[in-house]
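Each chain, written out:
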Amino acid sequence: MTQYSKRMVIVHWLTLALLIAAWFLGDAVNEARKEDGATLLGYAVHGLVGGAVLLFTLARFYFRNQDDVPPPLGDTLLDKVAKGIHYALYAVLILVPLSGMMQILTSDVYAAFTAWDVSLLPKKFTGVTAHEVHEILVNVLIVLVVVHVLGALKHQFISKDGIMERMSLRRK
Ligand code: HEM
Ligand code: HEM
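In every chain, residue numbers begin from 1 and rise along the written sequence. The naming scheme follows written order: chains are lettered A onward, ligands numbered 1 onward. At least 70 in pLDDT is required for a residue's local features to be given in this predicted model, at least 80 for side-chain atom pairs to be given and counted, and no such filter applies to totals for whole chains, interfaces and linings, which use all residues. Values shown for side chains rest on all heavy atoms present in the structure; no hydrogens or waters enter the calculation.

A.B. asks: Just to check I follow, could you spell out the coordination of the iron atom of ligand 1 for this structure?
C.D. replies: Metal coordination angles have textbook ideals: 109.5 degrees for a tetrahedral set of four donors and 90 or 180 degrees for an octahedral set of six. Listed donors are limited to N, O and S atoms within 2.8 Å of the metal, widened to 3.2 Å for Na, K and Ca; water is not among them, so incomplete-looking sites are possible. For the iron atom of ligand 1, the full set of protein donor atoms is His-46 (NE2) and His-134 (NE2), at a range of 2.0 to 2.1 Å. Note that the iron atom of ligand 1 binds 6 donor atoms; their angles at the metal cover 87 to 179 degrees, and the shape is octahedral. Here the residue His-46 occupies a position in helix α2 (residues 40–66), and His-134 occupies one in helix α5 (residues 129–159), the gap between them amounting to 88 residues. Four donors are marked tetrahedral only if all angles between them lie between 85 and 135 degrees, whereas four are marked square planar and six octahedral if opposite donors are more than 155 degrees apart and the other angles lie between 65 and 115; the remainder are marked irregular. A helix here means a DSSP run of H or I that spans at least four residues, while a strand means a run of E at least two residues long, and both kinds are numbered starting from the N terminus.

Written out as C-alpha cells, the structure reads:
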C-alpha cells in the first residue's frame, strides 16, 4: 500500500498536537480575560502556537506537491465526502490562524502589544468581527476534525482497509 511521505506524516500528527495546545491556550486566554487576569504573554503564546499551525499547513502544501500522495481508497460517495473534508480542513487550518491575527490587529490587543502595556488589553471584543469569525471557525474546525476522525475509525475498524498505515511513520 502507498503511504504518505514521512514529512507529510510528521506534519499531520504535529498539527494535531499543535491544535490541541492552541485550543486549550485560546480557551485559557478567553477565560483569563473574562476574569480580568489576561496577560500579554498568554496572548503571545497562543498566537505563536496558532501561527505555527499556519506555517506547518503551508509547508504541508509544499510537501504534498513534491511527494507521492496515496491514491484515493475508492470512488464511492463517502470517499468523495472524505476528500471534501480534507480540503475543508486545509482551508480552515489557514483561516483560523488568519482570523486570530486579524483579531489582534483590529482590536486593542494590538495597542497593548505595541505599548507593551497589559492595562490596554480589551475587556470585551465588542464590534471586532474577527473575534466572532475566529470563534465560529474554531467550532467549524472541531466539527470537521470529529467527522474526519470518525471516518478514519470507520475505515480502520469496519472496512478494515488499514488506512492508518497510510498516515504512519512505519514503512511497509
Ligand atoms: C489553529 C490555530 C488556532 C486555534 C485552534 C485557536 C483557538 C482559539 C480558541 C479556542 C479561542 C477561544 C475562543 C472563545 O472562547 O471565545 C481563541 C481565542 C483567541 N485567539 Fe485563537 N486560535 C488559533 C490561532 C490563533 C492565532 C494565530 C492568533 C493570533 C496571532 C489567535 C488569537 C486569538 C485571540 C486574540 C483570541 C481571543 C482571546 C480572548 O477572548 O481574549 N489565535 N483561539
Ligand atoms: C486522531 C486524530 C486523527 C486521525 C486518526 C487521522 C487520520 C488520518 C488518516 C488515516 C489519513 C489518511 C487518509 C487517506 O489515506 O486517505 C488522514 C489524512 C488527513 N488528515 Fe487526519 N487524522 C487525525 C487528525 C487530523 C487533524 C487534527 C487534521 C487537521 C485539522 C487532519 C487533517 C488531515 C488531512 C488534511 C488529511 C489528508 C492528507 C492529504 O491527502 O493531503 N487530521 N488523517
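Back to the text.
A.B. asks: Would you explain the coordination of the iron atom of ligand 2 in this entry?
C.D. replies: Protein coordination at the iron atom of ligand 2: the donors are His-12 (NE2) and His-148 (NE2), at 2.0 Å from the metal. Note that the iron atom of ligand 2 binds 6 donor atoms; their angles at the metal cover 87 to 180 degrees, and the shape is octahedral. One end of the pair, His-12, is in helix α1 (residues 6–34); the other, His-148, is in helix α5, and 136 residues separate them in sequence. Three labels apply to residues, based on accessible area from a 1.4 Å probe with only protein chains included: buried if under 20% of the type maximum, exposed if over 50%, partly exposed otherwise in between. On the basis of relative accessibility, which here comes to 15%, the residue His-12 falls in the buried class.

A.B. asks: How do you make sense of the site of ligand 2 when you look at a structure like this?
C.D. replies: In the vicinity of ligand 2 there are 20 residues, among which His-12, Arg-64, Tyr-90, His-148 and Arg-166 approach most closely. Here His-148 contributes a side-chain N or O atom positioned 2.8 Å from a nitrogen atom of ligand 2. Counted as a polar contact is a pair of N or O atoms within 3.5 Å, where, for protein atoms, one must be capable of donating a hydrogen and the other of accepting one, and residues adjacent in sequence contribute only when both atoms are in side chains. Residue Arg-166 places a side-chain N or O atom 2.5 Å away from an oxygen atom belonging to ligand 2. Elements with a contribution of two residues or more to the shell around ligand 2: α1, α2, α3 (77–105), α5 and α6 (163–166). Residue contributions to the shell around ligand 2 peak at 5 residues, all from α1. Residues are grouped as follows: Ala, Val, Leu, Ile, Met, Phe, Trp, Tyr, Cys and Pro are nonpolar; Asp, Glu, Lys and Arg are charged; every other residue, Gly included, is polar. Residues of the shell around ligand 2, tallied by class, amount to 14 nonpolar, 3 polar and 3 charged. A cutoff of 4 Å decides nearness: a residue is near a molecule or strand if any of its heavy atoms lies inside that distance of it.

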